[in-house]
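Spelled out from the first residue to the last, the chains are:
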Amino acid sequence: MATSKVLAGARVVLPTGIVDGGRVSVEGTRIAGSAPEGTEVLDVSGHWLVPGFVDMHNHGGGGAAFSGSADDVLTAVRAHRAHGTTTVVASTVTDDMGVLAKQAGLLSELAEQGDIAGIHFEGPFISPCRKGAHSEALLRDPDPAEVRKLIEAARGRAKMMTLAAELPGGIDSVRLLADHGVIAAIGHTDATYEQTVEAIDAGATVATHLFNAMPVLGHRSPGPIAALLEDERVTVELINDGVHLHQAALELAFHHAGAARVAFITDAMDAAGSGDGRYMLGPLEVEVADGVARLVEGGSIAGSTLTLDRAFKRAVTVDGLPVGDVVAALSANPARLLGLDDRVGSLEPGKDADLVLLDEDFGLRGVMRRGEWVVEPQLG
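For the structure given in this document, a descriptive report is provided here. (Residues numbered from 1 in each chain as written. Predicted model: local features only at pLDDT ≥ 70, side-chain atom pairs only at ≥ 80, totals over all residues. Heavy atoms only, no water.)

1. Thoughts on the sheet that holds strand β14 (residues 235-239)
Note: strands within a sheet are paired through backbone hydrogen bonds, in either parallel or antiparallel orientation.
Now for step 1: Taking strand neighbours across the sheet as the criterion, the 8 strands line up as β6-β9-β10-β11-β12-β13-β14-β15 in an open arrangement whose pairing is parallel. Pairing within the sheet leaves two strands with one partner each, and these edge strands are β6 (53-58) and β15 (262-265).
Now for step 2: Bridge count between β6 and strand β9 (residues 85-91): 4 bridges; the pairing is parallel. When the bridges of β9 are listed, phenylalanine 53 appears paired with threonine 85. (Pairing = 2+ DSSP bridges. Helix = DSSP H or I, 4+ residues; strand = E, 2+ residues; numbered from the N terminus.)

Structure (structure tokens):
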């Protein structure tokens, strides 16, 4: 049962900056401006308090996928909550249109219950040239009529769709998504620079895992990367696991886009929070070895086994990014993109009491969601 409590003494990361020896008051499920006399005070000195993480691109975890049953979805949600992701969008993977529509219906019910924050369709409207871990046999051009079917199947819970806008019907589909309040994300694309600019002008606002599954940045053919980095209207997703991106690529993205236009994601599959072994990603078999997921056939990287607490720690301790910028990329920016920033994404009075407790070395030591501890504080 959520009750009143005060967390005191931590370095608290607020939208306005970092407060040393700060206090965060929780009243029920929300952050409060102050606490009544006699409220329980938990001394968390020597720790960091940051907002709960918001993952807008995630396929599963804990041995379960968001393309599975309701129980599978909840298993994956719990696995990521244990690593600080208090808000998660469920990403699908390319499949038959009927299967995707049916899954959208199931996921929309879980979104209505508050278990997930919405649905991200990754595929089937992507380029065969940049398919990554998607079944080529199931790929199709982004026909606006079919795009509309998936939006309608999601019953108002579609948050984002990744597509290759250079394909026939791509630009019209981007406009359709924008008109319906669904984020059009450019990814798994073989688009030129000019085609990408056209897609952005049509309403695309996100780069799906920038650098991955798209042409490299060329000095004569800059491709989608340059167009997506340079446009102030676009937020770029980055998978900061040390596998998907070289550190220099990460730094390039932060330098050109700026901290306000980066969203760290996991692109996690079933093995996140689980372990090495064989898994399925949609209809394709995946081998996870040493934490790296690759297709059994062909060897393409197949999502990640990343959790956002690891992405946070790596960003600060390996990449040397400022803590405030990392918090923005993990919480505030995706919350704003998803239209959820009135409830989550920052530690402000009135918002959900979603927070993560980290030790001085940025290891996870506690997770609170809506005023209740998902991971009890470990302060020893």
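2. Thoughts on the pairing of strand β16 (residues 277-281)
Now for step 1: Relative to strand β17 (residues 284-289), β16 is paired through 5 bridges, and the arrangement is antiparallel. Across the sheet, the residue bridging to leucine 281 is leucine 284, located in β17.
Now for step 2: Between β16 and β17, which pair antiparallel one after the other, the connecting turn spans 2 residues, and glycine 282 there sits at a positive phi close to 60°.

3. Overview of the environment of glutamate 230
Now for step 1: Tracing the chain through its elements places glutamate 230 in helix α6 (residues 223-230).
Now for step 2: Residues glutamate 230 and alanine 268, 38 residues apart in the sequence, show an inter-C-alpha distance of 27 Å.
Now for step 3: Among residues more than four places away in sequence, those in contact with glutamate 230 are Tyr193 and Arg261.
Now for step 4: For glutamate 230, the side chain forms a polar contact with the side chain of tyrosine 193, separated by 2.3 Å. (Contact = heavy atoms within 4.5 Å. Polar contact = N/O pair within 3.5 Å; in protein donor to acceptor, adjacent residues only side chain to side chain.)

4. As for the packing of aromatic side chains
Now for step 1: Tallied over the entire structure, the rule returns 4 aromatic pairs.
Now for step 2: Ring centres of phenylalanine 53 and phenylalanine 312 lie 5.9 Å apart, and the angle between their planes is 35°; on these two criteria the pair is classed as tilted. Pair noted here: phenylalanine 53 is in strand β6 and phenylalanine 312 is in helix α8 (residues 308-317), with a separation of 259 residues, a long-range link.
Now for step 3: The class for phenylalanine 53 is buried, based on a relative accessible area of 0%. (Phe/Tyr/Trp six-rings, centres within 6.5 Å; stacked < 30°, edge-to-face > 60°. Buried < 20%, exposed > 50% of the residue type's maximum accessible area, 1.4 Å probe, protein only.)

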